[in-house]
Amino acid sequence: MKSMARPRHGSPNTIVIKLGTSSIVHETTHQPLLSTLSGLVETVVQLRELGHKVVLVSSGAIGVGLKRMEMASKPKSLSGKQALAAIGQGRLIALWDNLFGQLGQPIAQVLLTRGDISDRTRYLNAVNTFKELLSLGVVPIVNENDTVSVSEIKFGDNDTLSAITSSMIHADYLFLLTDVDSLYTTNPRKDPTAKRIEEVSSIATIRSQVSTTTLGSNLGTGGMETKLIAAEIATAAGVTTVITSSKDPKAIFRILEYNNALRSGRASPAPGPAADPPRAAERPPHTLFKPSPTPLRDLKAWTSHTLHPAGTVIVDGGAHHVLARRESGGRLLAAGVRGVRGAFASGQAVRIAVRRAPASAAPGGGGSDAADAHEAERAREAYLRGGETQPGTPVLPADASLASSISTIDDLLGSSVVADLGGGDTTPSVPTKTLPEEDHVVLDGGRDESEDWELEEVGRGLANYNSAQITRVKGLKSSQIAQVLGYADSEYVVENVTIRVPP
Ligand SMILES: Nc1ncnc2c1ncn2[C@@H]1O[C@H](COP(=O)(O)OP(=O)(O)O)[C@@H](O)[C@H]1O
Ligand SMILES: N[C@@H](CCC(=O)OP(=O)(O)O)C(=O)O
């Protein structure tokens, strides 16, 4: 067995394994699934013996709490779930400690909320703690800190938490162990004709080919959809992501071996005649999501996935074009800003959005390709000049008060126009429409007062100034920032921008 999962290229892998509630407690009796748990403990200890570093993301606090209180089903209220998680988490970690302790393997409990890592310093502290634990040979066991998580700060599901953890520690693999052995075209628990998906290179493409709408167990959170989101986050950070069954945790060795063999040309990707020596390994059932060949840099991954955007910065086409290029360094000039939605502080994450004319407002589908290219070039040049002042943009004097740039309380709070993108806007008032096939979001509520345009999120970044300040310097040259604000910490209004929807 050990030879089957020799560390790739002679170097050990960092492996995150996530176990869902449906694999930890029985769906109806809520009794712990001891054979699954013991099998996983043996697997993790063997992986450790082979030199791999392993982090376990364990759901199950609420499930264990249900058993402890002999309750039949999950309470509906947030406080009810939080209370059960508080009851169950202690017993859950005690169970893991007991099982790992039988094999002499020390563990550590790591409870995280999104709030814990939405500050760069706290994020780096969490990374350092993981590094320290792994270098001590400990297996960190991660769960969301449900008892203190509220909707604004929660990861919401452990699939996402495991993906963020994988990206934080630059894992090589994320294994999402669940009660089905793969992603299928439709829910295999409901549709016997469902077909297994073996390998995914583009999650955007696969989304249009599979249905993930039905949930599985009564205990799980999010079903397959949250696993796709997790795969998207992890693969973007360069982590190979695998969905497979928790019933046979030792399959992890076979999956590692199979994929290592595939990389080195020793296994055939599809079932068929055995390759010339050594023999092609049989493909263990699983879905493998290939990592991005150009993973996001650490800070950008942090900005894109771990932070709740606190508001939106609307940019013009020129800025969008430039930001989409690597050479831009992900830095946004005030010249490219057309407006701001929501209230945010300097240092907070923001969405980058563009205005899009609704299809109905584009007569004849717009101009010719040549005219569009010319227009795009003109916009890029205007933006790069550091910004000609946009016609109609009021240039405020240096002593202009904050109040003068805020005409209503909504300008300050952003509550009338900011849609909740599953993120941190405190007062979501407009329903969000997601377009999963393109992985972007249209802010239905973000209509400009004077034009019938929609806002579309195209990326994320970190604000260098607060929302009121960016409102005051929008459209201006960088050299004018100090004049208007009385100081200029940076010539860029937003940094670490990741553009996910190209122009
Ligand atoms: N296309 C699909 N392929 C596989 N499983 C699916 C699909 N769509 C929905 N599911 C359901 O997702 C469930 C796994 O998600 P979930 O219950 O949240 O598990 P966990 O508790 O392990 O996170 C499966 O039991 C299955 O019923
Ligand atoms: N943090 C929760 C689990 C939330 C969750 O994502 O559950 P699951 O979909 O079963 O992985 C708990 O410990 O009960």
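First, a word on scope: everything that follows refers to the structure included in this document. (Residues numbered from 1 in each chain as written. Chains lettered and ligands numbered in written order. Predicted model: local features only at pLDDT ≥ 70, side-chain atom pairs only at ≥ 80, totals over all residues. Heavy atoms only, no water.)

Moving on: the site of ligand 2. Of all residues adjacent to ligand 2, which total 13 residues, the nearest are K18, T21, S59, D146 and N158. G60 is positioned such that a nitrogen or oxygen atom in its backbone is 3.2 Å from an oxygen atom of ligand 2. Within the backbone of I62, one N or O atom sits 2.9 Å away from an oxygen atom of ligand 2. The fraction of the free accessible surface of ligand 2 (380 Å²) that becomes covered by protein chains is 95%. When its residues are assigned to classes, the shell around ligand 2 shows 2 nonpolar, 8 polar and 3 charged. (Near = heavy atom within 4 Å. Polar contact = N/O pair within 3.5 Å; in protein donor to acceptor, adjacent residues only side chain to side chain. Areas by Shrake-Rupley, 256 points an atom, 1.4 Å probe, with all protein chains shown as cover. Nonpolar A, V, L, I, M, F, W, Y, C, P; charged D, E, K, R; others polar.)

With that out of the way, let us pick up the pattern of salt bridges. Opposite charge on two side chains allows them to pair when their charged atoms are near. Per the stated rule, a full pass over the model turns up 15 salt bridges. The shortest N-O distance in the salt bridge between E27 and R189 comes to 3.6 Å. Here E27, found in the loop between β1 (14–19) and α1 (34–49), pairs with R189, found in the loop between β5 (173–178) and β6 (199–200); they are 162 residues apart in sequence, far enough to count as distant. Given a relative accessible area of 30%, E27 falls into the partly exposed group. According to the relative accessible area criterion, R189 is partly exposed, its value standing at 41%. Taking the shortest distance from any N to any O, the salt bridge between R207 and E225 comes out at 3.2 Å. Residue R207 is found in helix α7 (residues 203–207), and its partner E225 is found in helix α8 (residues 223–236); the two are separated by 18 residues along the sequence. Owing to a relative accessible area of 27%, E225 belongs among the partly exposed residues under this scheme. (Salt bridge = Lys/Arg side-chain N within 4 Å of Asp/Glu carboxyl O. Helix = DSSP H or I, 4+ residues; strand = E, 2+ residues; numbered from the N terminus. Buried < 20%, exposed > 50% of the residue type's maximum accessible area, 1.4 Å probe, protein only.)

The next thing to look at is the nonpolar core. Within the largest apolar cluster, 40 residues are counted, with the highest numbers of intra-cluster contacts made by F130, V142, M168, I169, L183, I206 and F289. Secondary-structure elements contributing two or more residues to this core are β2 (53–58), β3 (107–112), α5 (120–135), α6 (158–168), β5, α7 and α8. By size, the runner-up hydrophobic cluster in this structure holds 37 residues, among which are L47, L92, W96 and V242. (Core = buried A, V, L, I, M, F, W, Y, C linked by side-chain atoms within 4.5 Å.)

The environment of ligand 1 is formed by 25 residues, the closest being T178, D179, Y184, S211 and K227. With respect to ligand 1, the side chain of D179 contributes an N or O atom lying 2.7 Å from an oxygen atom. In this structure, an oxygen atom belonging to ligand 1 sits 3.5 Å away from a side-chain N or O atom of R189. A total of 580 Å² of accessible area belongs to ligand 1 in isolation, and the protein chains cover 99% of it. Elements that contribute at least two residues to the shell around ligand 1 include exactly β5 and α8. Each residue belonging to the shell around ligand 1 can be placed in one class, and the counts come to 6 nonpolar, 15 polar and 4 charged.

An ideal rise of 1.5 Å per residue puts 18 Å on 13 residues; helix α9 (residues 251–263) measures up with 18 Å between its terminal C-alpha atoms. Counted residue by residue, α9 has 10 buried out of 13 residues, so it is predominantly covered. Turning to α9, its buried residues are A251, I252, F253, I255, L256, E257, Y258, N259, N260 and A261. G265 occupies a position one or two residues after α9 and carries a positive phi of about 75°. (Expected span 1.5 Å × (residues − 1).)

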